[in-house]
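Structure assessment
One-letter residues, chain by chain:
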Amino acid sequence: MKNEFLNQINTYLPSVDYCSFRFVNKYTNIISVTRNVLEPIEIVEDEGLMVTVIHDGGFGYGATSDLTKEGILKATQEAKKWAEFSKNHLIHQPIPPINIIDNGQYFTCEKDGWAKESSKDKVDYLMEINKSLKSKSSISNWGASFRYNKIETLFTDTNGSNFRQKISYILPQLIACAEHKKQIQTRTYGGHAHARQIGYNFLKESDLINHASVIANDAIELSMAPNCPNKQLDTVIAPDQMILQIHESIGHPLELDRILGDERNYAGSSFVSLDMFGKYQYGSEKLNISFNPEEDSELATYNFDDDGIAADKKYLIKNGKLERPIGSYYSAQRANQEYVACSRATSWNRPPIDRMGNINMEPGETSFTEMINSVEDGILLETNNSWSIDDYRNKFQFGCEKGTVIKNGELKEVVKNPNYRGVTTEFWHNLDMVGDRASFSILGTANCGKGEPNQTIFVGHATPPCLFKNIDIFGGE
Amino acid sequence: MKDYFHSISQELFKNIKSNELLIVNFDAEDSCFVRLNKGKIRQAGSVKQISMTLSLSNKDKKNLKSYVRLNGSFDRDIYTLIKTLNYLRRELPDLPKDPYMMFSRSINSTEISEEQNTIDDKEILSYIMSSAVELDLVGIYSSGYIYTGLANSLGQTNWHSNYSFSFDYSIYNKNNNAIKLNYSSKEWNNDEYDLILEKGIEKLAILSVPQKTIDTGEYTVYLEPSALNEIIDMMSWGGFSYKSNKIGTSPLHLLNKKEKSLHRYVSIDENIKDGISANFNSDGFIKPDVINMISEGKFADTLVSPRSSLEYSVKHNASSMSEYPCSVDMRAGDIKNDQILNTVNNGIYISNLWYLNFSDRNNGRMTGLTRFGCFMIENGTLTAPINTMRFDDSVYSMLGNNLIGLTSKRELLIDSGTYEERSTSSARLPGAIINNFKMTL
């Protein structure tokens, strides 16, 4: 279809100021084995097109899964009709980019493709992992899954830009629950944080059978552990919780469409205002956050966003000071700000909006061991299992799967149900140490929800562990 | 669309061999989405999508399914579907048997089709924008047909199509305080829309007085139905699922094990009859009209999928594989709407809660925040808006000993969610007055 589409593009071009065609083909394969039984395998093949028209001060889109010539023409007509209707009613009249992308491309680097092993081989591997998860009788529930997603985008517009991107990512998930006196504790392999743009070899090289054994033992230990204490503690946050902290209390509040009010009815607004950029001290001087679409193998690494804007690395926060928002080309026009290439849509059937790409904590200079050794009375928190923050991104409360008490520079006993709460900028001002490059983990989340109509999208977060002073920690019932 | 579904599924069944069973699930929508900010259009467009999921099983109890996006063009779609069918057929022999595979083998064909609707989206949007000229209005208008179909090679056919619109929006004042509103139905009526908006504007006026900052601590609160819905929604994260209760990950597993109880005022059903979801599941089983999940504070029935029924040797009730309710119906109480403020007397009026999650799932404890239209109640009167507050409390406390009562009037809340496709979930709930509601940040 794609070549046919390109060859016939002139047939479809309407007489308008600007028009773009964004063709998306998505393939998803999820294989899950739960309690040693293969669940129904999910295979999804999705294909469709979004036509966007900007004309005479109006903007509209038409999206269709009907990729016949008639279907594409109908979608184009729909886009034109909405552009005509929205004329004089738009909150902002978009001006399309003038920079042209000539034959741009991006492909995820996969050493081994997903299809290198058969479904049967993958099921066998998951069965082995299940055996390792169910290592003890007190494990009450267990399971493992592999998810593979491939998203191919073909973009072309009336300015002459055209590019093709093929992003594929893999997400392994492992879970073990243990029961002790009717108290159930769950431990996972980083929740859903281990999603990467990487080949199938990643799954074979990740030693998942050993990880399965470790999390099963953790679940058993947690089920018998005391509740986390309620007190203020110096807190070391591991990368698989740091990604959530960055995501919720830096990524979302810096999204320019929130600041401009688009999300006030659904995903929420932000305490950040336009006048803060370039001067506001968001956190301590140790805090350095980048929008980095160039990090190798990270989930949202790409060359172009869905408005056809070339992507490169930019600092959002440098030495604690707010530099720029996560604002797309069109949002930046509205707000007179610098843009980053962050206009992204979940698929062909949703319009692009301002999104996190890879939002990363730049590494510092402290090793993980040095960080633990520096703590007299504290706690290490690992793996997010609960997240909640207000609609202006101030008051947050997050929960983790595992807490480990730190006393006089050493890791001690495990505690269950560790939670912490705080207010965003106070929290980031308490950032005291940032882990070094050796402790830096490339992680991400495949399910970030936002937008009206609603969209979920994959975003990357790479970060080392960090130490925060005086955090309000508490446990369960 | 119904004819297309019938013709394409029948053509597919001609290709099925005698030792095979094929189930097809069909989903389509023809939707308009218009996003507004500050009373003006932010994004406007249409989405037309059709998909079909093929689930092929054989006599060896092996099965494999594939979701395929369709064009709506018969020849092209049949070509794609037969290619997919052949792929499933090739893959099946290598897969292990599925011991929990269960499909409906009795023929239960049903059909619910709605008449052609003549609603004019652009006319409605013009009306909305003209009503919002002096308002800071933000939200989304969505409308159109949603089609759901099922057919199997044994001869069963089910069809459900309905038209609906949802205008989910908020109105803001210059202090950034807001009231959340929703108008969802099948037929647009300007008078009904005006009435909802006028009530919202009246509430917004109360938000214009200076905000009161409240401290952490325990308060008597009134939760509007939409706020209570957030708590019920959290309970639904595995709470009513047979499997989750069996393995202990349900937030209500202690209620299920009779270790804990809720207030006798609390009775909750899955009411398919009065909801807007299809009455059949993806395996072809017909759902009962009503399943009583909580009865007077005690756990009654769980939602049991056909897979769980085989895994645990219990009878299923045609629940979806997720065992998540889609038409929650909570019994009303006896507090009249004009008694709410006096019953609370001094406390907090909460229109909406937001971003809930568990702080101790095992014990049904959850956290979340106040959002939109939340007020101080002093001496039975709404006096001022409050700052955003975080609560952290257990369901056994909020809907247990601390539940003062439920309102006699209920609201039907149609889910305005549009992830992947427009939702058909709904909830009919009263409001709730709760004592000692714990605010923690």
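Note that the coordinates shown come from a computational prediction; the quantities given were computed from them, not determined experimentally.

Turning our attention to the overall build of chain B. A tally of regular secondary structure across chain B gives 10 helices and 18 strands. For 441 residues, the compact-globule estimate of 2.2 N^0.38 gives 22 Å, and the C-alpha radius of gyration of chain B, at 24 Å, lies within 12% of that figure. Considered along the principal axes of its C-alpha atoms, chain B spans approximately 75 × 55 × 30 Å. Looking at chain B as a whole, 51% of its 441 residues qualify as buried. Pairs at least 24 residues apart make up 69% of the contacts formed inside chain B by residues separated by at least 6 positions.

Residue and element names in this part refer to chain A. By the assigned domains, chain A splits into domain 1 (2-223) and domain 2 (231-474). For domain 1 and domain 2, the distance between their C-alpha centres works out to 22 Å. Opposite the 42 residues of domain 1 that make contact, domain 2 presents 35 residues. A per-class count over the side of domain 1 that touches domain 2 returns 20 nonpolar, 14 polar and 8 charged.

Before going further, it helps to examine the pairing of strand 21 (residues 441-450) of chain A. Residues and elements named next belong to chain A. As judged from the 8 bridges shared by strand 21 and strand 22 (residues 455-463), these two strands associate in the antiparallel manner. Within strand 22, the position partnered with threonine 445 by the bridge is valine 459. Count of turn residues in the strand 21/strand 22 antiparallel hairpin: 4 residues, of which glycine 451 carries a positive phi of about 90°.

Quick look at the nonpolar core now. In this structure, Leu133, Leu174, Ala176 and Ala219 of chain A together with Leu54, Ile348 and Ile350 of chain B are the most contacted members of the largest nonpolar core, which totals 188 residues. With 8 residues, the top contributor of residues to this core is strand 7 (residues 162-180) of chain A. Membership of the second largest hydrophobic core comes to 50 residues, among which are Val51, Tyr61 and Ile151 of chain A together with Ile140 of chain B.

Taken residue by residue, the interface counts 65 residues in chain A and 70 residues in chain B. Here the side of chain A that touches chain B is composed, by residue class, of 21 nonpolar, 28 polar and 16 charged. Pairing between strand 4 (residues 58-64) of chain A and strand 2 (residues 40-58) of chain B: 4 bridges, direction parallel. Paired with alanine 63 of chain A across the bridge in strand 2 of chain B is valine 47 of chain B.

Now for the domain arrangement of chain B. Residues and elements named next belong to chain B. What the domain assignment reports for chain B is domain 1 (2-33 + 47-137 + 144-165) and domain 2 (217-439). Its C-alpha centre places domain 1 at a distance of 30 Å from the equivalent point of domain 2. Of the residues lining the interface, 21 residues belong to domain 1; the matching set on domain 2 comes to 17 residues. Of all the elements in the fold, those that place two or more residues in the side of domain 1 that touches domain 2 are strand 1 (20-37), strand 5 (136-152) and strand 6 (157-172). A total of 5 residues in the side of domain 1 that touches domain 2 trace back to one element, the largest contributor, which is strand 1. Looking at the side of domain 1 that touches domain 2 residue by residue, the classes come out as 7 nonpolar, 12 polar and 2 charged.

All right, on to the pairing of strand 16 (residues 390-394) of chain B then. Residue and element names in this part refer to chain B. Burial within strand 16 is extensive, with 4 of its 5 residues counted as buried. As judged from the 5 bridges shared by strand 14 (residues 365-378) and strand 16, these two strands associate in the antiparallel manner. Looking across to strand 16, one finds that glycine 368 is bridged to phenylalanine 391.

What follows concerns the confidence of the model for chain B. On average, residues of chain B carry a pLDDT of 94, and 100% of them reach 70 or more. The ipTM value of the predicted complex is 0.94, and its pTM value is 0.95.

Here we take up the packing of helix 4 (residues 119-133) of chain A against helix 6 (residues 208-223) of chain A. Residue and element names in this part refer to chain A. Direction vectors running N to C along helix 4 and helix 6 enclose 30°, while the axes themselves pass 8 Å from each other. Put simply, helix 4 runs roughly parallel to helix 6. The handedness of the crossing between helix 4 and helix 6 comes out as right-handed. Across the interface between the two elements, Glu128, Ile129, Ser132 and Leu133 from helix 4 touch Leu208, Ile209, Ala212, Ser213 and Ala216 from helix 6. For the contact of helix 4 with helix 6, the per-class residue count stands at 6 nonpolar, 2 polar and 1 charged.

Thresholds, definitions, all that
- Residues numbered from 1 in each chain as written.
- Chains lettered and ligands numbered in written order.
- Predicted model: local features only at pLDDT ≥ 70, side-chain atom pairs only at ≥ 80, totals over all residues.
- Helix = DSSP H or I, 4+ residues; strand = E, 2+ residues; numbered from the N terminus.
- Rg over C-alpha atoms; globule rule 2.2 N^0.38 Å.
- Buried ≥ 20, exposed ≤ 12 C-beta atoms within 10 Å, placed from the backbone.
- Contact = placed C-beta atoms within 7 Å.
- Domains from an automatic or database assignment.
- Nonpolar A, V, L, I, M, F, W, Y, C, P; charged D, E, K, R; others polar.
- Pairing = 2+ DSSP bridges.
- Core = buried A, V, L, I, M, F, W, Y, C linked by C-beta atoms within 7 Å.
- pLDDT = per-residue confidence, 0-100.
- Axes fitted to C-alpha atoms, helices over the stretch in contact; angles between N-to-C directions.
- Parallel < 35°, antiparallel > 145°, perpendicular 65-115°, else oblique.
- Left-handed = near helix turned anticlockwise from the far one by under 90°.

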